[in-house]
Amino acid sequence: MENFDRPKKNIVREFVASFFGKRIKQTHQLLTLETSDWLFHKEMPNQKLKVYQLPTKDFEKMEQSKPKNIKLEKGDINKKVLESKVKYDGAYIDYCNNYQTNRTPIINMLKNKKFRSGSPIGFTFSTRLGRQVKNRIPTRTRVKSELRPYLTHMSDLPYKDISHGPMVTMLFEVK
Ligand SMILES: C[S@@+](CC[C@H](N)C(=O)[O-])C[C@H]1O[C@@H](n2cnc3c(N)ncnc32)[C@H](O)[C@@H]1O
């Protein structure tokens, strides 16, 4: 399992936790991605979290070490959210890959109103442009313009990650 306890990642996580801490009730479920180190939970220990994890070895470890206020389910977050009837009060989806890979499910989640109006929502993407990226438009510009019908943009935190290269964390509010 990759170690996400890294100085820059820790600063981003603190920034994200402070954004969500001001905008979501602790009793509401915040949808997110985690690892068996539960670093995001440690930053917001009293927040109820709903976590999806792919069927990795880490999933088994997570099941064994899961804190009480976390609901953990196996599966791809992009599919599970679309299939579920639940409406979330917030989401921080810390993707390991780029926007292009996730754009269709993200847009479908928003079109299908999987998040309550006014709820905070954040994403982390790699900003490296793979060959498949349309028109080579920089990630932040493209995300803001494509998600504008559904989200109000709040702030961005670009950073360089040792193993993933250039990344950006983008924070919004659902319209
Ligand atoms: C970047 S890490 C999360 C790090 C955590 N937010 C933190 O601050 O330490 C992403 C985690 O989600 C899992 N993951 C990535 N894509 C996923 C997907 N589409 N559905 C479910 N889990 C996913 C990865 O296996 C990994 O454990």
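Residues numbered from 1 in each chain as written. Predicted model: local features only at pLDDT ≥ 70, side-chain atom pairs only at ≥ 80, totals over all residues.

Caption draft 1: Inspection of the environment of Y159 at higher detail. With respect to the secondary-structure elements, Y159 resides in strand β6 (residues 151–161). Among the residues examined, Y159 registers 16 C-beta atoms within 10 Å and is labelled partly exposed. With residues near it in sequence (within four places) discarded, Y159 still touches K8, V12 and M167. (Helix = DSSP H or I, 4+ residues; strand = E, 2+ residues; numbered from the N terminus. Buried ≥ 20, exposed ≤ 12 C-beta atoms within 10 Å, placed from the backbone. Contact = placed C-beta atoms within 7 Å.)

Caption draft 2: Local environment of the environment of I106. Tracing the backbone through its elements, the reader meets I106 in helix α5 (residues 99–111). As for I106 and M1, which are separated by 105 residues in sequence, their C-alpha atoms are 25 Å apart.

Caption draft 3: Seen up close, the site of the ligand. Inspection of the region around the ligand gives 18 residues, with F4, L33, L39, I77 and D94 positioned closest. Sorting the residues of the shell around the ligand by element identifies α2 (39–43), β2 (49–53), α4 (77–83) and β4 (91–98) as the ones contributing at least two each. Top contributing element to the shell around the ligand by residue count: β4, with 3 residues. (Near = placed C-beta within 6 Å.)

Caption draft 4: Spatial organisation of unusual backbone geometry. Of note, W38 is a non-glycine position whose phi angle comes to about 50°, a positive value. Note on placement: W38 falls in the loop between β1 (30–32) and α2. The exposure class of W38 is partly exposed, given the 17 C-beta atoms found within 10 Å.

Caption draft 5: Inspection of α5 at higher detail. Taking 1.5 Å per residue as the helical rise, α5 with its 13 residues ought to reach 18 Å, and the 17 Å between its terminal C-alpha atoms agrees with that figure. At P105, α5 shows its largest bend, some 30°. On its buried side, α5 packs onto α4, β4, β5 (120–126) and α6 (139–147). K113, located one to two residues past α5, shows a positive phi value of around 50°. (Expected span 1.5 Å × (residues − 1). Bend = angle between axes of the 7 residues up to and from the residue.)

Caption draft 6: Representation of the nonpolar core in the model. By size, the foremost hydrophobic cluster in this structure holds 33 residues, and its most contacted members are F20, L30, A91, Y92, I121 and F172. No other element matches the 5 residues that strand β7 (residues 165–174) contributes to this core. Those residues in contact with F20, other than ones at most four positions away along the chain, are L30, M44, G90, Y92 and P120. (Core = buried A, V, L, I, M, F, W, Y, C linked by C-beta atoms within 7 Å.)

As far as function goes, none of this settles anything; it's purely spatial.
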